[in-house]
Amino acid sequence: MTGQRAFQKYRITKEAFKLLVDSLARDMKVVGPVSENGQTAFRQVGSSSELSMDYQSTMLPPSKVLFYKPVEDVLRFDMNEDASVTETAAENEKVLALGIHPCDVHAIVYLDGVFGEDPHYMNRRENTILVALNCTQVAEHCFCASVGTGPHLNLREGYDLLLTDVGDSYLAEPVSHRGEELIGGVRAARVDELLEKDAQEKALTDAMTKQVDMDGLDELFMKNIEHPVWARVAEDRCLSCSNCVMVCPTCFCHDIVDETAMDLKTVRRLRRWDACHDVHFAQVHGGNPRCTRASRLRQFVMHKLNYTAQFATAGTVGCGRCISWCPTSIDLTEIADEIRRSPMA
Amino acid sequence: MKNPLVPIKATIRDIMEETHDVMTYVLEAEGDAFKNFAPGQFNMVGLPGAGEAPISLSAIVDDDSVHHTIRAVGRLTAYMEKLGKGGHVFLRGPYGRGWPMDEAKGKDLVIVGGGLGLAPLRPVVQTVLNDRDSFGSLTLAYGARDPQDMIYRAELDSWQSGIDVLLTVDNVPEGAQWPHAKGLVTELLERAEFDPASAVAFVCGPEIMMRFVSRRLIAKGLSPENIHVSLERRMRCGVGQCGHCQHGSAFVCKDGPMFPYAQVSPFPDGLL
């Protein structure tokens, strides 16, 4: 997946790219953006004609559709004399994933830091060829430019191939040998095409009106733990519904649950998504450190914007999904702005 | 790649009654994964169908056995109480960083425990006693609700040489013999003798107790960097994946569960 040496840059027509996808679809599962009823979602496609590569955003992020699944079987206990443990086997399914936006590639790289020792996650990661796609439009809640994750992808590892839409063609930049093998052989990109890509990136960045000033935010938030914005937004608007967590491409929290079979002969231990908005999330025998709704909202927002020491990067990738899918339109960038505008003395 | 969530089976070899509601389970596990744990580390202890809970390793022993001292307060521990000798439990670990023993070398060490909080501190006392010359003075201040709630009573008596053992209880039942103090564990610290400029403190107990103990130690001159507290947070995985134990930017399971007071006291949602 990682490539240290510089790879050649290519140009491929969209028609040729579609043919390439269709030929690969015979040997592997192809997952990409599909639009239906005004919504785009990542799902398996049978043919390249189903793809909607010019989408804005999806509800569920590709990191969760492809790698970090809502429910994951971990192991099974057989309740015989020995009470034996059987580890759930890895899948080993080859996948070609297409059209991953820059913010979502960053989110996948973030989750690699969490699940690097999880064999199921890493197995899917290694068996998936990741084709990223630079954005061509700015959606209402995007703020990737503020956090350095878009609108164009500047990472050079963690995926295989980067596409940029240049009219009837894609500029195709492999960053791994797998990416090179996928695309190699088509015409090399010309300088004017590379310049067009740079111009696109600048125009998109300028068009992004939503911003969050990340400079010194860690320290500012720590000094404003008791800022009135937390209680006000939490009590007036937050429903603790956890939509923000479910759609977040970097939210990794989960519960580990035992399910006993009806015949009591086996117990299935599984992992499933959990959310810090749940009142019991942090509950221990001695008490609940986050028993107020304000403290739970603050935990979510601070985990995205603050706590950069955790993985040497912010938890947010600026995709704006938590804003789009909040039933009461709570906006973490507005919370950060309010704290910056009127910090506690 | 080995899945860190897959546990190792262990058999209950012995159950020692510490108090009327606290038991020490002596377990024999397959392999030697738990043999050389650091004082303060914990295991995820589990039962099929009842889930897992983080429980500290409570004794350094000569053989391969694994000791966990448990009070039945939750679902898992209630089920465990029903298991007798020969029953099976499942272990993962050892997890966490443990107490910073190296930091305490050559210095006075103040150990403060409340209730069951003595369990992860017992391996510290054992380590110091096995290597007594490497440490300065050793004070153990231990408090419990009443005399019957004190764990490791026999050892507390045997430890008297080489350690300043100070005991207190909240409450002495009528007619009970209690030659020690009555009141808060913070008051015991007034009787402890140590060099506050260099002393290191290890504190484990209810969070509210750790708050007042830490403040009293700071008032006596200890640096907040040298006071280490053991935090209790919900844990599901023990390996920094499930996110439940997050406290500030830290994962309590793998970055702790012991932290310098100075590091965690500014975090939101703590009692420190």
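Residues numbered from 1 in each chain as written. Chains lettered and ligands numbered in written order. Predicted model: local features only at pLDDT ≥ 70, side-chain atom pairs only at ≥ 80, totals over all residues.

J.: Go over the overall build of chain A, please, and point to the residues and values.
T.: For chain A, the helix and strand inventory stands at 13 helices and 11 strands. Over its C-alpha atoms chain A spans a radius of gyration of 22 Å, differing by no more than 12% from the 20 Å that the globule rule assigns to 345 residues. Each principal axis of the C-alpha atoms in chain A carries an extent, and together these give about 65 × 65 × 40 Å. Looking at the 345 residues of chain A, the share that counts as buried comes to 42%. For chain A, contacts bridging at least 24 residues in sequence account for 72% of all contacts bridging at least 6. (Helix = DSSP H or I, 4+ residues; strand = E, 2+ residues; numbered from the N terminus. Rg over C-alpha atoms; globule rule 2.2 N^0.38 Å. Buried ≥ 20, exposed ≤ 12 C-beta atoms within 10 Å, placed from the backbone. Contact = placed C-beta atoms within 7 Å.)

J.: So what's going on with the interface of chain A and chain B? Which residues, and what values?
T.: Each side of the interface is counted separately: chain A has 37 residues, and chain B has 33 residues. Take the side of chain A that touches chain B: its biggest share by element is 5 residues, from strand 10 (residues 254-260) of chain A. Considering only residue class, the side of chain A that touches chain B consists of 22 nonpolar, 8 polar and 7 charged. (Nonpolar A, V, L, I, M, F, W, Y, C, P; charged D, E, K, R; others polar.)

J.: Account for the pairing of strand 11 (residues 266-273) of chain A, naming residues and giving values.
T.: All names here are of chain A. Pairing of strand 4 (residues 71-78) with strand 11, which is carried by 7 bridges, proceeds in the antiparallel orientation. If you follow Phe77 over to strand 11, its bridge partner there is Val267. Relative to strand 11, strand 10 runs antiparallel, the two being bridged by 7 bridges. If you follow Ile256 over to strand 11, its bridge partner there is Arg271. Hairpin connection of strand 10 to strand 11: 5 residues between the antiparallel strands, including Leu264 at a positive phi of 60 degrees. (Pairing = 2+ DSSP bridges.)

J.: Lay out the environment of Thr139(B) in plain terms, naming residues and giving numbers.
T.: Residue and element names in this part refer to chain B. With respect to the secondary-structure elements, Thr139 resides in strand 8 (residues 138-144). Judged by the 21 C-beta atoms lying within 10 Å of it, Thr139 falls in the buried class. In this structure, the C-alpha to C-alpha distance between Thr139 and Phe194, residues 55 residues apart in sequence, is 8.0 Å. With residues near it in sequence (within four places) discarded, Thr139 still touches Val110, Ile111, Asp164, Leu166, Ala192 and Phe194.

J.: I'd like to hear about helix 6 (residues 207-219) of chain B, residue by residue, with values.
T.: Residue and element names in this part refer to chain B. A rise of 1.5 Å per residue sets the reference length of helix 6, with its 13 residues, at 18 Å; its end C-alpha atoms lie 18 Å apart and thus fit the reference within 8%. Those residues of helix 6 that fall on the buried side of the exposure criterion are Met209, Met210, Val213, Ser214 and Leu217. Down the axis of helix 6, the smallest arc covering the buried residues is 130 degrees, so these residues share one side. Looking at the buried residues of helix 6, the elements they touch are strand 7 (109-114), helix 5 (185-188), strand 11 (200-204), strand 12 (227-230) and helix 8 (261-264). Positioned one or two residues after helix 6, Gly221 has a phi angle of 115 degrees, which is positive. (Expected span 1.5 Å × (residues − 1). Arc of directions from axis to C-beta.)

J.: So what about the packing of helix 11 (residues 293-305) of chain A against helix 13 (residues 332-341) of chain A? Which residues, and what values?
T.: Residues and elements named next belong to chain A. Axis separation between helix 11 and helix 13 bottoms out at 11 Å; the angle between their running directions is 85 degrees. The angle between helix 11 and helix 13 falls in the class roughly perpendicular. Contact with helix 11, carried on its side by Val301, Lys304 and Leu305, involves Leu332, Ile335 and Ala336 of helix 13 and no other residues of that element. Along the lines of polarity and charge, the residues of the contact of helix 11 with helix 13 split into 5 nonpolar, no polar and 1 charged. (Axes fitted to C-alpha atoms, helices over the stretch in contact; angles between N-to-C directions. Parallel < 35°, antiparallel > 145°, perpendicular 65-115°, else oblique.)

J.: Summarise the sheet that holds strand 10 (residues 181-182) of chain B; cite the residues concerned and give the values.
T.: Residue and element names in this part refer to chain B. Strand order in the open sheet formed by 7 strands is 10-9-8-7-11-12-15, with mixed pairing between adjacent strands. Since the sheet does not close on itself, it has two edges, and those belong to strand 10 and strand 15 (258-260), each with one partner. Bridge analysis of strand 9 (residues 164-169) against strand 10 gives 2 bridges, and the strand direction is parallel. Its bridge partner being in strand 10, Val169 is matched across the sheet by Lys182. Sheet strands touched by helix 3 (residues 122-130): strand 7, strand 8 and strand 11. Its angle to strand 7, the strand with the most contacts, is close to 150 degrees.

J.: Explain the domain arrangement of chain B to me, using residue names and the numbers behind them.
T.: Often, the extent of an interface is quoted as the loss of accessible area upon association of its parts. Residues and elements named next belong to chain B. Examined at the domain level, chain B breaks down into domain 1 (8-95) and domain 2 (101-264). Each partner contributes to the interface: domain 1 provides 19 residues, whereas domain 2 provides 21 residues. Those elements giving two or more residues to the side of domain 1 that touches domain 2 turn out to be strand 3 (42-47), strand 4 (51-56), strand 5 (66-71) and strand 6 (88-95). For the side of domain 1 that touches domain 2, the element with the highest residue contribution is strand 6, accounting for 3 residues. (Domains from an automatic or database assignment.)

J.: With reference to specific residues and values, describe the confidence of the model for chain B.
T.: Confidence in the prediction for chain B averages 95 pLDDT; 100% of positions are at 70 or higher. Complex prediction metrics read pTM 0.95 and ipTM 0.93. (pLDDT = per-residue confidence, 0-100.)

J.: Please provide a residue-by-residue account of the sheet that holds strand 5 of chain B, values included.
T.: Hydrogen bonding along the main chain pairs the strands of a sheet, whether they run parallel or antiparallel. Residues and elements named next belong to chain B. Reading across the sheet, the 6 strands line up as 4-3-6-1-2-5 and stay open at both edges, with antiparallel pairing between neighbours. Each edge of the sheet is formed by a strand with only one pairing partner; in this case those strands are strand 4 and strand 5. Adjacent strand axes in the sheet meet at a mean angle of 40 degrees, parallel and antiparallel pairs treated alike. In the sheet, strand 3 pairs with strand 6 via 4 bridges, with the strands oriented antiparallel. Across the sheet, the residue bridging to Gly46 is Phe90, located in strand 6. Its contacts with the sheet place helix 1 (residues 75-82) against strand 2 (22-29), strand 3, strand 4, strand 5 and strand 6, and it is angled at close to 85 degrees to strand 4.

J.: I'd love a proper account of the environment of Leu111(A), names of residues and values included.
T.: Checked against the element boundaries, Leu111(A) lands in helix 3 (residues 102-115). If we ignore the near neighbours within four places in the chain, the residues touching Leu111(A) are Ser63(A), Phe67(A), Tyr68(A), Thr250(A) and Phe252(A).

J.: Any details on the nonpolar core? Residues and values, ideally.
T.: The biggest cluster of nonpolar side chains holds 166 residues, and the ones touching the most others in it are Ala97(A), Val131(A), Ala132(A), Ile111(B), Ala141(B), Ala201(B) and Val203(B). In terms of residue count, the dominant contributor to this core is helix 3 of chain A (7 residues). Among all residues touching Ala132(A), those that are not within four sequence positions of it are Ile100(A), Pro102(A), Val105(A), Leu153(A), Tyr159(A), Leu161(A), Leu162(A) and Leu163(A). (Core = buried A, V, L, I, M, F, W, Y, C linked by C-beta atoms within 7 Å.)

J.: Summarise helix 4 (residues 119-126) of chain A; cite the residues concerned and give the values.
T.: Residues and elements named next belong to chain A. The set of residues buried in helix 4 consists of His120, Tyr121, Arg124 and Arg125. Angularly, the buried residues of helix 4 cover 135 degrees about the axis, an arc narrow enough to put them on a single face. As for helix 4, its buried residues are in contact with helix 2 (62-67), strand 4, helix 3 and strand 7 (128-133).

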